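# Close look at the chain arrangement
Listed below, chain by chain, are the residues.
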Protein chains: 2
Amino acid sequence: ADAAAMTRAQARQAQLTKPPGALGALEALSIRLAGVFGTERPHPRGVAVLVAAGDHGVAAQGVSAFPPEVTPAMVANFLADTPYGPGGAAVNALARSVGARVYVMDAGVNAELPAHPALHRAAVRRGTRDLSREAAMTPQETAALILAGAALARRAIEGGADLLIPGEMGIGNTTPAAAISARLLGLDPAAVTGRGTGVDDERLAHKVAVIRTALARTPATDPLTVLAELGGFEIAAMLGMMLQAAALRRVVVLDGFVEGSAALVGVALAPALRDYLFPAGQCAEVGHAAQLAHLGLTPLFGLDLRLGEGTGGVLAAPLLLGAAATLREMRTFEEAAVPGG
Amino acid sequence: ADAAAMTRAQARQAQLTKPPGALGALEALSIRLAGVFGTERPHPRGVAVLVAAGDHGVAAQGVSAFPPEVTPAMVANFLADTPYGPGGAAVNALARSVGARVYVMDAGVNAELPAHPALHRAAVRRGTRDLSREAAMTPQETAALILAGAALARRAIEGGADLLIPGEMGIGNTTPAAAISARLLGLDPAAVTGRGTGVDDERLAHKVAVIRTALARTPATDPLTVLAELGGFEIAAMLGMMLQAAALRRVVVLDGFVEGSAALVGVALAPALRDYLFPAGQCAEVGHAAQLAHLGLTPLFGLDLRLGEGTGGVLAAPLLLGAAATLREMRTFEEAAVPGG
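Residues numbered from 1 in each chain as written. Chains lettered and ligands numbered in written order. Predicted model: local features only at pLDDT ≥ 70, side-chain atom pairs only at ≥ 80, totals over all residues. Heavy atoms only, no water.

Under the annotation held in an unreviewed UniProt entry, chain A carries the name Nicotinate-nucleotide--dimethylbenzimidazole phosphoribosyltransferase and is attributed to Deinococcus multiflagellatus. The annotation that UniProt attaches to chain A under Sequence similarities (unreviewed entry) is "Belongs to the CobT family." As its UniProt record puts it under Catalytic activity (unreviewed entry), chain A is described as follows: "5,6-dimethylbenzimidazole + nicotinate beta-D-ribonucleotide = alpha-ribazole 5'-phosphate + nicotinate + H(+)". (UniProt positions renumbered as here; feature names shortened; annotations may be inferred.)

Another point: the packing of helix H11 (residues 257-269) of chain B against helix H12 (residues 288-295) of chain B. All names here are of chain B. Contact pair H11 / H12: the axes reach a minimum separation of 9 Å and the direction vectors enclose 30°. Considering their axes alone, H11 and H12 lie roughly parallel with respect to each other. Helix-helix and strand crossings are classified by hand; for H11 and H12 the assignment is left-handed. Note on element contacts: H12 touches H11 through His288, Gln291, His294 and Leu295, opposite Phe257, Gly260, Ser261, Ala263, Leu264 and Val267. In the contact of H11 with H12, the residues fall into five nonpolar, five polar and no charged. (Axes fitted to C-alpha atoms, helices over the stretch in contact; angles between N-to-C directions. Helix = DSSP H or I, 4+ residues; strand = E, 2+ residues; numbered from the N terminus. Parallel < 35°, antiparallel > 145°, perpendicular 65-115°, else oblique. Left-handed = near helix turned anticlockwise from the far one by under 90°. Contact = heavy atoms within 4.5 Å. Nonpolar A, V, L, I, M, F, W, Y, C, P; charged D, E, K, R; others polar.)

The next thing to look at is the sheet that holds strand S8 (residues 277-279) of chain A. Residues and elements named next belong to chain A. One open sheet accounts for six strands, arranged S5-S4-S1-S6-S7-S8; its pairing is parallel. Lying at the two open borders of the sheet, with one neighbouring strand each, are strand S5 (119-121) and S8. For this sheet, the mean inter-axis angle between neighbouring strands, taken without regard to orientation, is 30°. Sheet analysis places strand S4 (residues 101-108) next to S5, joined by three bridges and oriented parallel. (Pairing = 2+ DSSP bridges.)

Here we take up the packing of helix H6 (residues 174-185) of chain B against helix H8 (residues 201-217) of chain B. Each packed pair of helices is defined by two parameters, the angle between the axes and the distance between the axes. All names here are of chain B. Viewed as axis vectors pointing N to C, H6 and H8 meet at an angle of 55°, and their least axial separation amounts to 10 Å. Considered as vectors, H6 and H8 are oriented oblique to each other. Between H6 and H8 lies a crossing of right-handed hand. In contact with Thr174, Thr175, Ala178, Ala179, Ala182 and Arg183 of H6, H8 contributes Lys207, Ile211 and Leu215. For the contact of H6 with H8, the residue count by class is five nonpolar, two polar and two charged.

Residues and elements named next belong to chain B. Strands sit in the order S5-S4-S1-S6-S7-S8 across an open sheet of six strands; the sheet is parallel. A single partner strand is all that each edge strand has here, and the edge strands are strand S5 (119-121) and strand S8 (277-279). The mean inter-strand angle of the sheet, taken between neighbouring strand axes irrespective of direction, is 30°. Two strands pair when backbone bridges link them, and strand S6 (residues 161-169) and strand S7 (residues 251-254) are joined in this way by two bridges, in the parallel orientation.

In this section: the nonpolar core. With 244 residues, the main nonpolar core has Leu277(A), Phe301(A), Leu277(B) and Phe301(B) as its most contacted residues. Once residues lying within four places of it in the same chain are set aside, the contact partners of Phe301(B) are Leu300(A), Phe301(A), Ala280(B), Gly281(B), Gln282(B), Gly312(B), Leu315(B), Ala316(B) and Leu319(B). (Core = buried A, V, L, I, M, F, W, Y, C linked by side-chain atoms within 4.5 Å. Buried < 20%, exposed > 50% of the residue type's maximum accessible area, 1.4 Å probe, protein only.)

What follows deals with the relation of the copies chain A and chain B. Its rotation angle being 180°, the transformation that places chain A on chain B also includes 0.0 Å of axial translation and leaves an RMSD of 0.0 Å. The transformation just described matches what one would write down for a two-fold rotation axis. Relative to the rotation axis, the C-alpha of Phe301(A) is the closest in chain A, positioned 2.3 Å from it. A share of 100% of the interface residues of chain A reappears at the interface of chain B, consistent with the copies meeting face to face through the same patch. (Least-squares fit on C-alpha atoms with pLDDT ≥ 70 in both.)

It is common to give the size of an interface as the accessible area that goes away when the parts come together. Listed per partner, the contact involves 55 residues of chain A and 55 residues of chain B. It is Tyr84(A), Leu303(A) and Glu329(A) that lose the most area in chain A upon contact with chain B, and together they represent 14% of the buried surface on that side. Counting the contacts that link chain A with chain B gives two salt bridges. Among the salt bridges present, the one from Glu329(A) reaches Arg96(B), with a minimum N-O distance of 2.6 Å. Summed over the shared surface of chain A and chain B, the result is 14 residue pairs in polar contact (both at pLDDT 80 or more). Only helix H2 (25-37), helix H3 (70-79), helix H4 (90-98), helix H13 (311-329) and helix H14 (333-336) of chain A provide two or more residues apiece to the side of chain A that touches chain B. Residue contributions to the side of chain A that touches chain B peak at nine residues, all from H13(A). (Buried area = accessible area lost by both parts, 1.4 Å probe. Salt bridge = Lys/Arg side-chain N within 4 Å of Asp/Glu carboxyl O. Polar contact = N/O pair within 3.5 Å; in protein donor to acceptor, adjacent residues only side chain to side chain.)

Here we come to the packing of aromatic side chains. Counted according to the given criterion, the structure contains two aromatic pairs over all chains. Ring geometry for Phe333(A) and Phe66(B): centres 6.4 Å apart, planes at 10°, overall stacked. Of the two residues, Phe333(A) sits in helix H14 while Phe66(B) sits in the loop between strand S1 (46-54) and helix H3 (70-79), which places them in two different chains. Residue Phe66(B) is classed as buried on the basis of its relative accessible area of 12%. The ring of Phe278(A) carries the charged tip of Arg32(A) above its face, separated from the ring centre by 4.1 Å. (Phe/Tyr/Trp six-rings, centres within 6.5 Å; stacked < 30°, edge-to-face > 60°. Lys NZ or Arg CZ within 6 Å of the ring centre and 35° of its normal.)

The next subject is helix H8 (residues 201-217) of chain A. All names here are of chain A. Between the first and last C-alpha of H8 there are 24 Å, a value that for 17 residues agrees with the 24 Å anticipated at 1.5 Å per step. For H8, every residue scored as buried is listed here: Leu204, Lys207, Val208, Val210, Ile211, Ala214 and Leu215. Summarising the axial view, the buried residues of H8 lie within an arc of 160°, below the 170-degree limit, and thus occupy one face. Away from the buried face of H8 by more than 90 degrees, exposed residues Glu202 and Ala216 are located. Looking at the buried positions of H8, the neighbouring elements they touch are helix H6 (174-185), helix H7 (189-192) and helix H9 (223-230). (Expected span 1.5 Å × (residues − 1). Arc of directions from axis to C-beta.)

Take unusual backbone geometry next. The omega angle of the peptide bond from Gly231(A) to Gly232(A) is 0°, so this bond is cis rather than trans. Along the polypeptide, Gly232(A) turns up in the loop between H9 and helix H10 (233-247). For Ala337(A), which is not glycine, the phi dihedral falls at a positive 55°. Position of Ala337(A) among the secondary structure elements: in the segment after H14. Backbone geometry at Glu309(B) places phi at a positive 65°, although glycine is not the residue there.

By the element assignment, Leu26(B) lies in helix H2 (residues 25-37). Each C-alpha atom of the pair Leu26(B) and Leu320(B) lies 7.9 Å from the other, and the pair is 294 residues apart in sequence. Here Leu26(B) is in contact with Leu94(A), Leu305(A), Leu315(A), Leu319(B) and Ala323(B), once residues within four sequence places are set aside.

For the rest of this paragraph, the subject is the UniProt feature "active site" (unreviewed entry) in chain A. All names here are of chain A. UniProt feature "active site" (unreviewed entry): in the numbering of this structure it lies at Glu309. Turning to its location among the elements, Glu309 is positioned in the loop between helix H12 (288-295) and H13. The class for Glu309 is buried, based on a relative accessible area of 1%. If sequence neighbours within four positions are ignored, Glu309 has contacts with Val49, Val51, Met74, Phe78, Ala89, Ala90, Val91, Gly167, Glu168 and Glu259. Within the local environment of Glu309, its side chain forms a polar contact with the backbone nitrogen of Val91, the two atoms lying 3.1 Å apart.

Before going further, it helps to spend a moment on the side chain of Thr71(B). Tracing the backbone through its elements, the reader meets Thr71(B) in helix H3. Setting aside its immediate chain neighbours within four residues, Thr71(B) contacts Ala53(B), Gly54(B), Asp55(B), Val109(B), Met169(B), Gly170(B) and Ile171(B).

By the definition in use, this model includes 23 salt bridges over all chains. Residue Arg195(A) is joined to Asp201(A) by a salt bridge in which the shortest nitrogen-to-oxygen separation is 2.6 Å. Assessed through its relative accessible area of 37%, Arg195(A) is described here as partly exposed. With relative accessibility at 54%, the residue Asp201(A) sits in the exposed group. Between Glu40(B) and Arg8(B) there is a salt bridge; the shortest N-O distance is 3.0 Å.

Given below as structure tokens:
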């Protein structure tokens, strides 16, 4: 990030027509945004949510409350014609509401997806291998999805996006996300494994056991090997989106727990990525708080979201645009001739 | 609110393509919005923030960190021409960012305000009387400002507003807000008196003492007399906005502590108002939490805002519009043919 722009932003923030600190968390956010965009009057415009979908071999172990057939069905839902516009899922409704564009990627869904002009095809395999038994992805598959995520991020940026929201859909994907988080954070799997779409106590215990088996299988600690061993394709794609967006000096809105696992890999690879990560809300999935603490980031709201798809990121986008607007457009005490500045 | 529409909304919410509860707080919000708009597919569109400005006789007692001259200067700032559009204050920048319209009312500023076509003139007196010495407002003045607030709300609704955000500006106005809150909540003034624009410990103790004197002066407990005795003009105007918006079945986005004091008066007068109140964030002013607890409302975010002007409400608006959008536009499991619903 641009340290000089942040210094100028800090000075400008202190002169705006309001009591010092009265805009609370928006003030620090606005200064971080100045750093990303290299100006004390940041003007981010387009918002894009990039939803990567993938399946997971580990789903066969019964780690989710929903069957894997939900993944392709939800991809179809993301793309469906509805009376309100394209897509009948939560992310579509929210994106229309805030004026964000939705990009949908097949990162490795275990189905023959019908052709659709808005579906970005990047699958190299129909679902990962079962991480508890073998490496979920080969190094080549991992690299392919990272590059595909980066390519989709470039396309969104060429389409006008200044705020990019990596999002995901994939039945079973909180299992690799928890496994990655446990390994990269050095935490016990039980501390970062949650209920995902809503498993009961028994299935949660099983999920933790499956993750323990996976972690016992591989001693990997370097971030790309951790990602390949534990999966999944949509996590690799989101990593590519994050790295590309940061490289092109755009904001990455960091949504939930699965996105957080991609961010952990990303920051381990390239610590400067952190400057471009702007967390959305605190997601209800246990383990998300540990990810954000490690990244040194504070969530913008609670709201107990645990849906994924980038939904929390879409809700966060207007707050980030608002923070930038105050820094950009407010007058100073001197400009406004307001006493007491 | 429309209980039948809420029942239909609840049933519809349970069938949408997501795990049950995965949209967290948005789900209950969407059902409340169905109640306000009388349909399980609520479609609120326009957002308006109505900023009432007033001065306070009690400011002469030194209860604020800023001089009273800031009130008219900020009204001028709300109306100023800037390169970005009308208004150089935080509320203007945020409103432009989310597409909300700003209405500015002189509810009783202690200055000759220059003529401006966008300034709604409703002042009946240049500032309230000092609440620690006498009634801040007469019953006639109180009624006039309630009606003026209602009239501005009608104008905003005629202009397309479905979400109305009462906002305020008035140096010294956390003093009457705290006095009203202490009386209507039956709490000690120290429990609801905060630092406002940023007073130090000594001035805070003085502010509490001033409020104690005011409360000792009047035994009033009926809500309109409490409001008249303790002030202020912008609080009366916001009360009128809230009652009128609710009567016309529109959402009242409830911003901060001063707005909360108007809501306490409103709910004491008309308990059904509560159904139309949607809190924005938890504001940093002490006493706001007690107001929301009394109203039985949960704030949408933290962010530590303490600016007023309706700024928190403007930031909350996209979240409310998003909650409505999910209920309105998402497909059901059956419609989308997604397994597991």
